[in-house]
Amino acid sequence: PNYTGKRNEVIKNTGNAIVPQGTTISWQVETHQTNVISFRSNEQEENFTQSAKDYFSYSKQLNKSINYKIATSNKELKNHESLNFTIQVISDELPKIIVKSDIDSISHGPVQFIGQLSDDYGINKLQLVYYNKNNPKQAKAHLIDVSKTSFSDFYYVFPDGIDIEEGVAYELYFEVFDNDVVNGNKKTKSRIFSYYNKTEKELKEELLNEQKETISNISKIVEKSKQSNSELEKFKNSLQKKAEINWNDTKQLEQFIKRQTQYQEMFQKQTNQLE
């Protein structure tokens, strides 16, 4: 079939072959003192067409593997020579899709999807199917542009190009179609993802709760930092009373400094998040 992108082949002096599903095979046979050539399989028996003296031909489109015989006859001998052959037909496989997303870590806003598509002969199209979780029969499809090759990557940010309603829980998945002309475009779908599109009121409440939590974390860090400073002052006073500073004293001082640095980094991180 043309969609496979494979070139026509000529195989000489054998009737065995491995071909894609839907391939049309033409047998060309040169004979001697032969009047009839028959094609025999479990399904049928048909005669070749004589195209010229000592030349016969027969064509057949194959959708599944067959074992067959070619038998020759003339006026004196019927089926004098019978040869056994096999044609193995390779079916077009289902397309494959792998999708990764940050949807599980996103509480609101756009969601990123990265995917890989593959097929033995080529991709036909990719679409996103989405619907209200409570009304899956009203599913809608959004076409995503991909290259129609055997291997393709895609990147999509949901809900780009789509109008979705506030306060609605959506389910969505990706569906890839191959270019199989023989069986019709076969499809494979990804796993189903869930997405709740929060209302403006819910978003404000969520942001306020996040701010409260961040402020609470900052307060805890400040308290711990104060406590660490107090311990550091006590330690400094104890060092001043010592004639010599030993190795343990040095390590303990390093731990104080390290802890204060960590508190400072945590404080800066929480402040950035609050902003």
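These lines cover the structure that appears in this document, whether it is placed above or below.

Each value, and the rule that gives it
- Residues numbered from 1 in each chain as written.
- Predicted model: local features only at pLDDT ≥ 70, side-chain atom pairs only at ≥ 80, totals over all residues.
- Heavy atoms only, no water.
- Helix = DSSP H or I, 4+ residues; strand = E, 2+ residues; numbered from the N terminus.
- Rg over C-alpha atoms; globule rule 2.2 N^0.38 Å.
- Buried < 20%, exposed > 50% of the residue type's maximum accessible area, 1.4 Å probe, protein only.
- Contact = heavy atoms within 4.5 Å.
- Areas by Shrake-Rupley, 256 points an atom, 1.4 Å probe, with all protein chains shown as cover.
- Lys, Arg positive; Asp, Glu negative; His and termini not counted.
- Charge placed at Lys NZ, Arg CZ, Asp CG, Glu CD.
- Salt bridge = Lys/Arg side-chain N within 4 Å of Asp/Glu carboxyl O.
- Polar contact = N/O pair within 3.5 Å; in protein donor to acceptor, adjacent residues only side chain to side chain.
- Expected span 1.5 Å × (residues − 1).
- Core = buried A, V, L, I, M, F, W, Y, C linked by side-chain atoms within 4.5 Å.
- Pairing = 2+ DSSP bridges.
- Axes fitted to C-alpha atoms, helices over the stretch in contact; angles between N-to-C directions.

Overview of the overall build of the protein chain
- Scanning the protein chain for helices and strands turns up two helices and 16 strands.
- A compact globule built from 275 residues should have a C-alpha radius of gyration of about 19 Å, whereas the protein chain, at 37 Å, is more than 25% larger.
- Its C-alpha atoms put the protein chain at 125 × 55 × 25 Å along the principal axes.
- Each of the 275 residues in the protein chain was classed as buried or not, and the buried ones make up 34%.
- Once local pairs closer than 6 in sequence are excluded, the contacts in the protein chain between residues at least 24 apart make up 62%.
- When the accessible surface of the protein chain is summed, it comes to about 18900 Å², and 47% of that surface belongs to carbon and sulfur atoms.
- Looking at charge distribution, the protein chain has the averaged site of its 36 positive side-chain charges lying 3 Å from that of its 38 negative ones.

Re the side chain of Glu-171
- In this fold, Glu-171 is placed in strand E14 (residues 168-178).
- For the buried residue Glu-171, which engages in no salt bridge, the nearest side chain bearing the opposite charge is Lys-133, 4.4 Å off.
- Engagement of the side chain of Glu-171 in a polar contact is seen with the side chain of Tyr-131, the distance being 2.9 Å.
- Setting aside residues up to four positions removed in sequence, Glu-171 forms contacts with Val-129, Tyr-130, Tyr-131, Lys-133, Ile-192, Phe-193 and Ser-194.

Considerations on the pattern of salt bridges
- Scanning all chains against the criterion turns up eleven salt bridges.
- Across the salt bridge formed by Glu-43 and Lys-64, the nearest N and O atoms sit 3.0 Å from each other. Of this pair, Glu-43 sits in the loop between strand E3 (36-41) and strand E4 (45-47) while Lys-64 sits in the loop between strand E6 (55-62) and strand E7 (66-73), placing them 21 residues apart in sequence.
- In this structure, the salt-bridge partner of Asp-178 is Lys-186, at a minimum N-O distance of 2.7 Å.

Points about helix H2 (residues 247-274)
- In this model H2 runs 41 Å from its N-terminal to its C-terminal C-alpha over 28 residues, within 8% of the 40 Å that 1.5 Å per residue would give.
- Among the residues of H2, those classed as buried are Asp-249, Phe-256, Tyr-263, Gln-270 and Thr-271.
- Turning to H2, the residues buried within the fold contact helix H1 (200-240).

Considerations on the nonpolar core
- In this structure, Phe-113, Leu-126, Leu-128, Phe-158 and Phe-174 are the most contacted members of the largest nonpolar core, which totals 24 residues.
- Mapped by element, the contributors of at least two residues to this core are strand E9 (96-101), strand E10 (111-118), strand E11 (123-132), strand E13 (151-158), E14 and strand E16 (193-197).
- With five residues, the single largest contributor to this core is E14.
- Once residues within four sequence positions are removed from consideration, Phe-158 is found in contact with Pro-110, Val-111, Phe-113, Leu-128, Ile-164, Leu-172 and Tyr-195.
- By size, the runner-up hydrophobic cluster in this structure holds 16 residues, among which are Val-19, Trp-27, Tyr-58 and Val-89.

A look at the sheet that holds E6
- Ordered in space as E2-E6-E5, the three strands form an open sheet in which the pairing is antiparallel. Pairing within the sheet leaves two strands with one partner each, and these edge strands are strand E2 (23-30) and strand E5 (49-52). Put simply, the sheet's adjacent strands are angled 30 degrees from each other on average, direction ignored.
- Here three bridges tie E5 to E6, and the two strands are oriented antiparallel to one another. When the sheet's bridge partners are listed, Thr-49 is paired in E6 with Ser-57.

Treat this as a map of the structure, not an account of what it does.
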